[in-house]
Amino acid sequence: MITVWEKAQSTQKPVLIYGTGNGADKIIDELNRLNVPVAGIFASDGFVRSRTFRGFQVISYSEAKEKYGNFLTLISFGSQRPEVLENFRKIAQERETYSVDVPVYGDNIFNREFYEKHKSEIDKVKSMLCDEKSRQTYDNIINFKLTGNMNLLFGCETPRDEAYESILQLTADETYLDLGAFNGDTVEEFISHVSSYRKIYAAEPDRKNFSKLLKNTESIRNIELFNVCISDKNGEILFSSDGGRNGKADSKGISVNSMTVDSIIGKNEVTYIKFDVEGLEKEALTGSSETIKRCKPKMLVSCYHRSEDIFTLPLLVKSIRDDYRVYIRHNPYIPAWDTQFYFI
């Protein structure tokens, strides 16, 4: 299997980056390390404005075709919007195109060296998976991360509701803990899948998002909200955010309160926890160990923020309680974002 990085090294075509931002930065840095020249950067037709990025004038896709002819495209951003995914397909039909899965957080590039270093852990996680859909999804995710072949993701995606119906099977007696509650959308999602519930806890560190969460949950009964960052210790943590979903622990951020799940739940019961805490999943799980041991809640754990999440997170959960059944699902998204483990 030839990796996307090896394709870029061996191609005779000009290499162009589709998109700008943090993902493009990481791709360009890795290409520079591999001594692969970047020919240019383009954006979607209709979305180009006069600007430069990393010393390149950003041009439109149509201009790129006219200027470079046949080139190799590396997609540097992600989306779940159907029209954007369809545009990815269109470009892939016209030019050799790959979606590069660089980490949202951290610096570990999922290349051949990284894969070989962690192959035993990856194989161990696959052996834990409890259904054929999970094993197929896991294989496709790993192979996608290596190759950038979008068809691997299109071939294993499932709608989000599928996991509620086939894996979680929530009842009217759930106590739900939403970690990374954003503006309340996943609280609403939970409520839509149960006829009733006992209690909801929801934590969101970003102050602007927390204000929206407060407003959007005013009419929801038995809910307790926490404006904190979930981690492995109580105290303070530096955190930065642009007011969207992608707030993160950041040494250049502002100080916010941090709490562990164990301190939030205490001696109370919890039956279902969603972990989507922007790269702090490992710390959040560590700070949940006593709750996990005592309650064995059903858990959804996002596993796409860091390259190592795909194996470190399930191994950590199984080290806390080894009697969990493990599943994985990927919802429509390019690259392999919106991928989560389920522990039952």
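**Examining the packing of aromatic side chains**
Counting across every chain of the model gives 17 aromatic pairs. Ring geometry for Phe110 and Phe114: centres 5.1 Å apart, planes at 55°, overall tilted. Classification of Phe114 by relative accessible area gives buried; the value is 7%. Here Tyr176 and Tyr272 contribute two aromatic rings whose centre-to-centre distance is 5.0 Å and whose plane-to-plane angle is 20°, an arrangement assigned as stacked. Taken together, the positions of Tyr176 in strand E7 (residues 175-179) and Tyr272 in strand E14 (residues 272-275) put the pair 96 residues apart, joining distant regions of the chain. The structure contains a cluster of three or more aromatic residues connected by ring pairs, namely Tyr18, Phe42, Tyr61, Phe71, Phe77 and Phe88. The positively charged end of Arg89 is found above the aromatic ring belonging to Phe154, 3.6 Å away from the centroid. In this arrangement the basic side chain of Arg221 is found over the ring face of Tyr197, its NZ or CZ atom lying 4.2 Å from the centre.

**A short note on the packing of helix H5 (residues 112-128) against helix H14 (residues 309-320)**
Taken N-terminus to C-terminus, the directions of H5 and H14 make an angle of 45°; their axes are 9 Å apart at the nearest point. Put simply, H5 runs oblique to H14. With respect to the hand of their crossing, H5 and H14 are arranged in left-handed fashion. In contact with Phe114, His118, Glu121, Ile122, Lys124, Val125 and Met128 of H5, H14 contributes Ile310, Phe311, Pro314, Leu315 and Lys318. The residue makeup of the contact of H5 with H14, split by class, is 8 nonpolar, 1 polar and 3 charged.

**Some details on the sheet that holds strand E2 (residues 40-43)**
Read across the sheet, 6 strands follow the order E3-E4-E2-E1-E5-E6 without closing on themselves; strand pairing throughout is mixed. Of all strands in the sheet, those bounded by a partner on one side alone are strand E3 (52-53) and strand E6 (96-99). Across 2 bridges, E3 lies against strand E4 (residues 56-60) in antiparallel orientation. Within E4, the position partnered with Thr52 by the bridge is Gln57. The strands touched by helix H3 (residues 61-68) within the sheet are strand E1 (15-18), E2 and E4, with E4 carrying the most contacts at an inclination of about 105°.

Criteria and cut-off values
Residues numbered from 1 in each chain as written. Predicted model: local features only at pLDDT ≥ 70, side-chain atom pairs only at ≥ 80, totals over all residues. Heavy atoms only, no water. Phe/Tyr/Trp six-rings, centres within 6.5 Å; stacked < 30°, edge-to-face > 60°. Buried < 20%, exposed > 50% of the residue type's maximum accessible area, 1.4 Å probe, protein only. Helix = DSSP H or I, 4+ residues; strand = E, 2+ residues; numbered from the N terminus. Lys NZ or Arg CZ within 6 Å of the ring centre and 35° of its normal. Axes fitted to C-alpha atoms, helices over the stretch in contact; angles between N-to-C directions. Parallel < 35°, antiparallel > 145°, perpendicular 65-115°, else oblique. Left-handed = near helix turned anticlockwise from the far one by under 90°. Contact = heavy atoms within 4.5 Å. Nonpolar A, V, L, I, M, F, W, Y, C, P; charged D, E, K, R; others polar. Pairing = 2+ DSSP bridges.

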